[in-house]
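Tertiary structure, described
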Amino acid sequence: MKNVTQPLTSIIQRMMLLALIVIGFTKVSAQEPIKLGFIPLTDCSPIVMAKEWGLFKKYGVDVEVSKESSWANVRDKILTGELDGAHCLYAMPFSVYTGVGGKAGSEMKIAMMLNVNGQAITLSKDFCGKVGFKQMNKVAPVVAAKLKAEKEVTFAMTFPGGTHDLWLRNWLSLAGINQKTVKIITIPPPQMVANMKVGNMDGYNVGEPWGGVAVKQGVGFTQIATQDMWKDHPEKALVVNKDFSVKRREDLKKVMMAVMEACRLLDVPANRKQAAGIIGKAPYVNAPADVIEARLMGDYNLGCNMGTEVYTDDYMLFHKGGMVNFPKKSHAIWAMAQYVRFGYLTEEPDYKAIADKLIMQDLYKEVATAMKIKMPTDDMKPFSLTMDKTPFDPNNPSAYLKVVKR
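Residues numbered from 1 in each chain as written. Predicted model: local features only at pLDDT ≥ 70, side-chain atom pairs only at ≥ 80, totals over all residues. Heavy atoms only, no water.

All right, on to the sheet that holds strand β7 (residues 183-186) then. Overall, mixed pairing links the 5 strands, which are arranged β7-β6-β8-β5-β9 in an open sheet. Both outer strands of the open sheet, β7 and β9 (220-225), are each paired with one neighbouring strand and no more. Here the strands of the sheet are splayed against their neighbours by 25 degrees on average, with no regard to which way each runs. For strand β6 (residues 154-157) and β7, the ladder comprises 4 bridges, and the chain directions are parallel. Within β7, the residue paired with phenylalanine 155 across the bridge is isoleucine 184. Where helix α7 (residues 163-174) meets the sheet, its contacts fall on β5 (119-124), β6, β7, β8 (203-207) and β9, and the angle it forms with β6 comes to roughly 145 degrees. (Pairing = 2+ DSSP bridges. Helix = DSSP H or I, 4+ residues; strand = E, 2+ residues; numbered from the N terminus. Axes fitted to C-alpha atoms, helices over the stretch in contact; angles between N-to-C directions. Contact = heavy atoms within 4.5 Å.)

For the rest of this paragraph, the subject is the packing of helix α13 (residues 269-279) against helix α14 (residues 289-296). Between α13 and α14, whose axes approach to 8 Å, the crossing angle comes to 145 degrees. For the pair α13 and α14, the crossing hand works out as right-handed. Packed against α13, whose contacting residues are Arg272, Lys273, Ala276, Gly277 and Ile279, the element α14 presents Ala289, Ile292, Glu293 and Leu296 at the interface. Of the residues contributing to the contact of α13 with α14, the split by class is 5 nonpolar, 1 polar and 3 charged. (Left-handed = near helix turned anticlockwise from the far one by under 90°. Nonpolar A, V, L, I, M, F, W, Y, C, P; charged D, E, K, R; others polar.)

The next thing to look at is the nonpolar core. Counting residues in each nonpolar core, the largest one holds 128 residues, and the members touching the most others are Phe94, Trp171 and Trp334. The biggest single contributor to this core is helix α12 (residues 249-266), with 10 residues. (Core = buried A, V, L, I, M, F, W, Y, C linked by side-chain atoms within 4.5 Å. Buried < 20%, exposed > 50% of the residue type's maximum accessible area, 1.4 Å probe, protein only.)

Reading across the sheet, the 5 strands line up as β2-β1-β3-β10-β4 and stay open at both edges, with mixed pairing between neighbours. In this open sheet, the two edge strands, each paired with only one partner strand, are β2 (63-67) and β4 (108-113). Averaged over all adjacent pairs, the angle separating strand axes in this sheet is 35 degrees, with direction ignored. Summarising the sheet, β4 and strand β10 (residues 236-241) pair through 5 bridges and their orientation is antiparallel. Looking at β10, one finds that methionine 113 is bridged to alanine 237.

Next up on the list: α13. Within α13, burial applies to Asn271, Arg272, Ala275, Ala276, Ile278 and Ile279. Projected down its long axis, α13 carries its buried residues within an arc of 165 degrees, all on one side. Relative to its buried face, α13 has exposed residues pointing more than 90 degrees away, namely Ala270 and Lys273. (Arc of directions from axis to C-beta.)

With that out of the way, let us pick up the state of the cysteines. Cysteine pairs can be linked by a disulfide, which is a covalent bond between their two sulfur atoms. Enumeration over the complete set of coordinates arrives at 1 disulfide. Disulfide pairing is shown between cysteine 128 and cysteine 304; the S-S distance is 1.8 Å. Measuring the twist about the S-S bond at about 115 degrees, one finds the cysteine 128-cysteine 304 disulfide to be right-handed. One end of the pair, cysteine 128, is in the loop between β5 and α6 (136-150); the other, cysteine 304, is in the loop between β11 (299-301) and β12 (308-310), with 176 residues separating them in the sequence. (Disulfide = S-S within 2.5 Å.)

Our next topic: unusual backbone geometry. A cis amide bond links glutamate 208 to the next residue, proline 209, at an omega of 15 degrees. One non-glycine residue with positive phi stands out, namely cysteine 304, at about 55 degrees. At asparagine 305, a residue that is not glycine, the phi angle is positive and equals roughly 55 degrees. Relative to the assigned elements, asparagine 305 resides in the loop between β11 and β12. Note on asparagine 305: relative accessible area 84%, which makes it exposed.

This is the structure we're talking about:
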């Protein structure tokens, strides 16, 4: 009788080795869910609705969305990798990299833009009847009178060097107010209305729905929308962790495709009503759906018995035939020029090198080409804002800084 012990042992050993290889391969190949953060604002809609509409699943990625408390929290979690990416102020990566809003040299990457327009300057009800909608010439005298009576006027924004900060400082400049004469504080978006209600600030700049909510609650009114200052201005972006952008590049492209489709769907009016009802719920924005929907539709109840302003082609837009989502280096350079203009930076940064480093324009082009989405051709061409007509040439920001009103 032949000895079969050795061959049998050999077969068992081989089977066990194969099982270990399979288990090991599964562990290596299995990917963790992608975690995307958002702040409770109407313009988180592309990320939230990509999840709600099943678009991440459609494009083959497992995505979790995470409600965050502040932009500083978003910054920290992206940098540490606790978040793979997030709905984010488009200017934040440049603010952080230059040391304005974080540790200088820290890299956060912009994959694509999410929206334009849709932020607002809200003033306290104390100014009601003294300053009207878009009455910029009335702002300075009222602020001066309050300064004389109370010694301090306080305005709030959401993150140093972020978009709300830049819109607020540009608004002060347009009104002829030296920013050094007023106090500017940082408040997370969802806390703006509550802080105004208890008198912690006289005005603020933030995204919707928190301008509309202040009107609904009777604690403030809309003095101007940011699209009045700069039509189709850049606002939020999909910002990602540097390592994630390298190690899971193909997955990032799938995320971008899902978000892009959500942006396209959100520009269909019929879908906005549905989106308002969903993002208004507690897990997301936690605000009245009717306020979200109205301003998403461009229907702004201004408050303070000033009636309604209807925006027809310059309300919050998410796609606009592809014109919204392309991340422009010229907009990055403009934001960094504002840091010099308003004293955050004492010297001009290397604008182009920073924009090249932080904006993943080549990746965006791959995604847009695959999805047959048009791309704008005017990046790096001179432009000016709607109210501030000072020409801005992204190839020569120094010339702009010599003449711009500070």
